[in-house]
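Structural features, examined
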Amino acid sequence: MNFLSNNVKIKCSKKRLGRGIGSGKGKTSGRGVKGQKSRSGVAIKSFEGGQMPLYRRLPKRGFNPINKSRIATINLDQLQNFVNNKKIDPQNQINLESLKKNKIIGKSYLKFKILANGNLTSKINIEADFSSVAAIAKIEKIGGIIKLKNLK
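Attention here is on the structure that accompanies the text.

Calculation notes
Residues numbered from 1 in each chain as written. Predicted model: local features only at pLDDT ≥ 70, side-chain atom pairs only at ≥ 80, totals over all residues. Heavy atoms only, no water. Pairing = 2+ DSSP bridges. Helix = DSSP H or I, 4+ residues; strand = E, 2+ residues; numbered from the N terminus. Contact = heavy atoms within 4.5 Å. Axes fitted to C-alpha atoms, helices over the stretch in contact; angles between N-to-C directions. Core = buried A, V, L, I, M, F, W, Y, C linked by side-chain atoms within 4.5 Å. Buried < 20%, exposed > 50% of the residue type's maximum accessible area, 1.4 Å probe, protein only. Patch = residues over 30% accessible without salt bridge, like charges linked within 9 Å, V, L, I, M, F, W, Y side chains within 5 Å. Areas by Shrake-Rupley, 256 points an atom, 1.4 Å probe, with all protein chains shown as cover. Salt bridge = Lys/Arg side-chain N within 4 Å of Asp/Glu carboxyl O. Phe/Tyr/Trp six-rings, centres within 6.5 Å; stacked < 30°, edge-to-face > 60°. Lys NZ or Arg CZ within 6 Å of the ring centre and 35° of its normal.

A few points about the sheet that holds strand β1 (residues 71-75)
- The strand order across the open sheet built from 3 strands is β1-β3-β5, with neighbouring strands paired in parallel fashion. At either margin of the open sheet sits one strand with a lone partner, and together these are β1 and β5 (130-131).
- In this fold helix α2 (residues 76-84) packs onto β1 and β3 (111-115), with an angle of close to 75° to the strand it touches most, β1.

Listed below in structure tokens is the structure:
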């Protein structure tokens, strides 16, 4: 006796198909008579008799959310890098439009978020949609101003 397995059906023998009329599974082996389904090697998963299958009638949606709001993320070290390279003027207010105009953020982004990775050494005045708490603390510690837009 095998104690490692608690499978009850372990001693059941396999059904022997096509072994005479007396076996109960003789002749057609339980497949009915004729036709595509009685043959071997046939898979008719989504075939609908020539009609356009359901999976092709429905629009493709998949993993592309319909109401996707694209949010650009910028780290503090990236902002400092742009200031050093004179792509951003720290005296002017930095907002989404100015970042798009300077080609730092692509046109398709509707919002942007400031993240706290890296250090900021220059005072900046920034208007963002979102910001991490640590990023706000770092900007205000230097003496910069961060204004978050009121959203829902």
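Regarding the nonpolar core
- Leu79, Leu99, Ile105, Phe112, Ile114 and Ile126 are the most contacted members of the largest nonpolar core, which has 21 residues in total.
- With 3 residues, the top contributor of residues to this core is α2.
- Not counting the four nearest positions on each side in its chain, isoleucine 105 is found in contact with Ala72, Ile74, Leu96, Leu99, Lys100 and Phe112.

Here's the deal with the pairing of strand β4 (residues 125-128)
- Examined bridge by bridge, strand β2 (residues 93-94) and β4 share 2 bridges and lie parallel to one another. Counterpart to glutamine 93 in the pairing with β4 is asparagine 125.
- Inspection of the sheet shows β4 paired to strand β6 (residues 145-148) by 4 bridges, in the parallel sense. Counted as the bridge partner of glutamate 127 is lysine 147 from β6.

Details of a nonpolar patch on the surface
- Taken together, Val42, Ile44 and Phe47 make up a surface patch of nonpolar side chains, about 260 Å² in accessible area.
- On the secondary structure map, isoleucine 44 appears in the segment before α1 (54-57).

Quick look at the packing of aromatic side chains
- Applying the stated rule across the entire model yields 0 aromatic pairs.
- A cation sits over an aromatic face here: arginine 70 above tyrosine 109, 4.4 Å from the ring centre.

Looking at the pattern of salt bridges
- Throughout the structure, instances matching the rule amount to 2 salt bridges.
- With a closest N to O distance of 2.8 Å, glutamate 48 and arginine 57 form a salt bridge.
- Lysine 149 serves as the salt-bridge partner of aspartate 129, at 3.9 Å between the closest nitrogen and oxygen. Linking aspartate 129 in the loop between β4 and β5 with lysine 149 in the segment after β6, this pair joins segments that are 20 residues apart in sequence.
- A relative accessible area of 28% means that lysine 149 is categorised as partly exposed.

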